[in-house]
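This is what each chain is made of:
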Amino acid sequence: MAAQVYYEDVEVGSQLPSLEKNPTTRQLVQYAGASGDFYQIHYDKDFAMANKLPGVILHGALKNAFLGQLMTDFAGELGWLRKLTVQYRGMDEPGSKITGRGKVVKKYTDGKDHIVECEIWLENAKGEKTTPGSATVILPSRAAR
Amino acid sequence: MANKIVTDEVKKQIGVESEPSTFEVERGAIRRFAEAIGDHSPLFNDEKAAHHTRFGGIIAPPTFARSFGIEFFNLKLPTTRALDGGSEWEYFTPIRAGDRITVVSKLADIRETEGRLGPMVFVVAETRYTNQFDELCVIQRTTTIRY
């Protein structure tokens, strides 16, 4: 696991470590099996095209999972992902890189909790934000150790 | 303008909870899910490494609850297509391997707008996941666009 991040290590505007994903059709099938979402637009090209799509597309929920990973990687073992919000604005196709990114927009304490709010998103290979969202994490504090 | 799809009769279903469904969380299912999303964190994959963390064992990745299914109520609407609009998750207690998770879902909100292709209905389903110790683990709110 990467080095643990502490509340004191981040400031408003700090960038989160990015997360690169290279989803394939194989991964979509694997995700369909693991999640139980067998909607054919995610693995049957003919079906997808008959539904006016350019081809098979990523499950929104898989993109949601990527943003979940972005945040649990950031929060680390001593942190806790408190809230995760995601909106599907654009389609993503397999065979193309997508990158999870984020930045800190707010930090504050609430009782003994050290809270950091982030703006997060997935962007496609062209740099377009297809999947914006937000997240709240509770981070450990060096002061409280 | 009066709603075409979201009638008063449909709105009556807001807040009505589904029958609870209970699911056993297998360690293998967590690992398969983590593999499928490509998340190699030891917390989700490695029993020995996870044992030495504050969680004491394998826990589920944030969106694992999705694998139980998403809608546990049956909302009949005269629409043919559906799009997943997004989700909002709140996390309280980790879901662990071996847990028995009880799932209760309800229609939290429903509204209709006029879209380019006719009426569009935004359906917000709220699902609560509770463990065998009656601890609330996750609240998920998913927006589905039906048209």
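See the structure shown above.
Owing to the predicted nature of the structure, the values given are computational and were not obtained by experimental measurement.

What counts, and where the lines are drawn
- Residues numbered from 1 in each chain as written.
- Chains lettered and ligands numbered in written order.
- Predicted model: local features only at pLDDT ≥ 70, side-chain atom pairs only at ≥ 80, totals over all residues.
- Helix = DSSP H or I, 4+ residues; strand = E, 2+ residues; numbered from the N terminus.
- Buried ≥ 20, exposed ≤ 12 C-beta atoms within 10 Å, placed from the backbone.
- Contact = placed C-beta atoms within 7 Å.
- Core = buried A, V, L, I, M, F, W, Y, C linked by C-beta atoms within 7 Å.
- Axes fitted to C-alpha atoms, helices over the stretch in contact; angles between N-to-C directions.
- Parallel < 35°, antiparallel > 145°, perpendicular 65-115°, else oblique.
- Left-handed = near helix turned anticlockwise from the far one by under 90°.
- Nonpolar A, V, L, I, M, F, W, Y, C, P; charged D, E, K, R; others polar.
- Pairing = 2+ DSSP bridges.

When you go through chain A residue by residue, the secondary structure sums to three helices and five strands. Shown N-terminal to C-terminal, the secondary structure of chain A runs as helices and strands in the order β-α-α-α-β-β-β-β. For the C-alpha atoms alone, the extent of chain A along its principal axes is close to 55 × 30 × 25 Å. Relative to its 145 residues, chain A shows a buried fraction of 37%. Long-range contacts, defined as pairs at least 24 residues apart, comprise 66% of the intrachain contacts of chain A with a sequence gap of at least 6.

Moving on, we get to the nonpolar core. Note that soluble globular proteins tend to have their nonpolar side chains buried in a common cluster. Within the largest apolar cluster, 56 residues are counted, with the highest numbers of intra-cluster contacts made by Met71 and Val137 of chain A together with Ile95 of chain B. Leave out the neighbours within four places in its chain, and Ile95 of chain B touches Val25, Ile59, Ala60, Phe64, Ala65, Ile101, Tyr129, Cys137 and Val138 of chain B. Among the nonpolar cores identified, the runner-up in size contains five residues, and Leu107, Val121, Val123 and Ala125 of chain B belong to it.

A few words now on the packing of helix H1 (residues 25-35) of chain A against helix H2 (residues 27-37) of chain B. Running from N to C, H1 of chain A and H2 of chain B cross one another at 155°; their axes reach a closest spacing of 8 Å. In this view, H1 of chain A runs roughly antiparallel relative to H2 of chain B, as classed from their interaxial angle. By crossing handedness, the relation of H1 of chain A to H2 of chain B is classed as left-handed. In contact with Gln27, Gln30, Tyr31, Ala34 and Ser35 of chain A of H1 of chain A, H2 of chain B contributes Arg32, Phe33, Ala36 and Ile37 of chain B. For the contact of H1 of chain A with H2 of chain B, the residue count by class is five nonpolar, three polar and one charged.

Moving on, we come to the interface of chain B and chain A. Buried accessible area, meaning the area lost when the parts come together, often serves as the stated size of an interface. If you look at the interface, chain B gives 25 residues, while chain A gives 27 residues. Those elements that provide at least two residues to the side of chain B that touches chain A are H2, helix H3 (42-45) and strand E2 (82-91) of chain B. In terms of residue class, the side of chain B that touches chain A is built from nine nonpolar, nine polar and seven charged. Sheet topology places strand E2 (residues 80-87) of chain A next to E2 of chain B; five bridges connect them, and they run antiparallel. Paired with Thr85 of chain A across the strands is Glu88 of chain B, a residue of E2 of chain B.

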